[in-house]
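Descriptive structure summary
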Amino acid sequence: MIHREGYPTIIVTLVFILLLNLVVNYFTDTINWIHYLSYAVSVFLMITVLQFFRNPKRNLSRSDYHLIAPADGKVVVIEETYEPEFFKDKRLQVSIFMSPINVHVNRYALSGKIIFARYHPGKFLVAWHPKSSTENERTTMVMETGNGKQFMFRQIAGALARRIVLYAKAGLMVKQGEEMGFIKFGSRVDIFLPLGTPVDVVLNQKVIGGKTVIAQVG
């Protein structure tokens, strides 16, 4: 399946491919290396865009006791940090880096009520830069679960990702595994947990959105 966020990009890519091949055919009478190069570029672009926006069906993991990975990718940060935007205290941060080859759909890691959602314009530093979490274009969402615990999730744009989509709005009740948003062309998702939360992943571990257990929250 192709995610709906990809349709505009796919249409633009198709138009570019069509124009490219029309120009090549117009200025060259016989088939030669220019045609083959044009065809190769067209196929490469189309395959690349389609894999960026793929949205495979998954058997999702759901549990009130587990915080599930909100994105595909690799765990690049597990550390105690100060969170200045909402909690204004120390939290346990777990960050997942999404490469361009990962599925870019973001999912709600828990079921609960959205109590805070905000978009922040910003820079496009590489996603692993220490300041990307506070200076890059990003969104912040805070969810409160049924037992009153609060968790923050932050989508962060990188050097390549230039569009972040967040579906969450304050007051919305959401279910674990449902689509939370989309980051075009990869980047990073930060999770902020209460200190002392048992974490089930390790650095450099690959995780699958909607399936891999990140932490015990029950």
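Residues numbered from 1 in each chain as written. Predicted model: local features only at pLDDT ≥ 70, side-chain atom pairs only at ≥ 80, totals over all residues. Heavy atoms only, no water.

A look at the layout of surface pockets
- Looking at the second largest pocket, its volume works out to about 160 Å³.
- Looking at the second largest pocket, the residues that line it are Ser63, Asp64, Leu110, Ser111, Thr145, Gly146, Asn147, Phe151, Gln176 and Val217.
- When its residues are assigned to classes, the lining of the second largest pocket shows three nonpolar, six polar and one charged. (1 Å grid on protein atoms, 1.4 Å probe; cavity = no way out; pocket = protein on both sides within 12 Å on 5 of 7 lines; lining within 4 Å. Points joined across faces, edges and corners; volume = space filled by probe spheres on them. Nonpolar A, V, L, I, M, F, W, Y, C, P; charged D, E, K, R; others polar.)

Comments concerning helix α1 (residues 7–27)
- Over its 21 residues, α1 runs 31 Å from end to end, which matches the ideal 30 Å to within 8%, given 1.5 Å per residue.
- Those residues of α1 not exposed but buried are Thr9, Ile10, Thr13, Ile17, Asn21 and Val24. Taken around the axis of α1, the buried residues stretch over an arc of 95°, which confines them to a single face. Looking at α1, the residues exposed on the side facing more than 90 degrees away from the buried face are Ile11, Val12, Leu18, Leu19, Tyr26 and Phe27.
- On the buried face of α1, the contacting elements are α2 (33–52). (Helix = DSSP H or I, 4+ residues; strand = E, 2+ residues; numbered from the N terminus. Expected span 1.5 Å × (residues − 1). Buried < 20%, exposed > 50% of the residue type's maximum accessible area, 1.4 Å probe, protein only. Arc of directions from axis to C-beta. Contact = heavy atoms within 4.5 Å.)

Examining the sheet that holds strand β10 (residues 179–183)
- The three strands lie next to each other as β4-β10-β8, forming an open sheet whose pairing is antiparallel. Each of the sheet's edge strands pairs with one partner strand only, and the pair in question is β4 (105–107) and β8 (164–166). The sheet shows a mean angle of 20° between the axes of neighbouring strands, taken without regard to direction. (Pairing = 2+ DSSP bridges. Axes fitted to C-alpha atoms, helices over the stretch in contact; angles between N-to-C directions.)

Some words on the pairing of strand β7 (residues 150–156)
- Judged by how many residues are buried, β7 sits mostly within the fold: six of seven residues are covered.
- Here strand β6 (residues 138–144) runs beside β7; their pairing, made up of seven bridges, is antiparallel. Within β7, the position partnered with threonine 139 by the bridge is glutamine 155.
- Linking β6 to β7, which pair antiparallel, is a turn of five residues; within it glycine 148 sits at a positive phi near 90°.
- Here β7 runs beside strand β11 (residues 187–193); their pairing, made up of five bridges, is antiparallel. Note on β11: the bridge partner recorded for glutamine 155 is valine 189.

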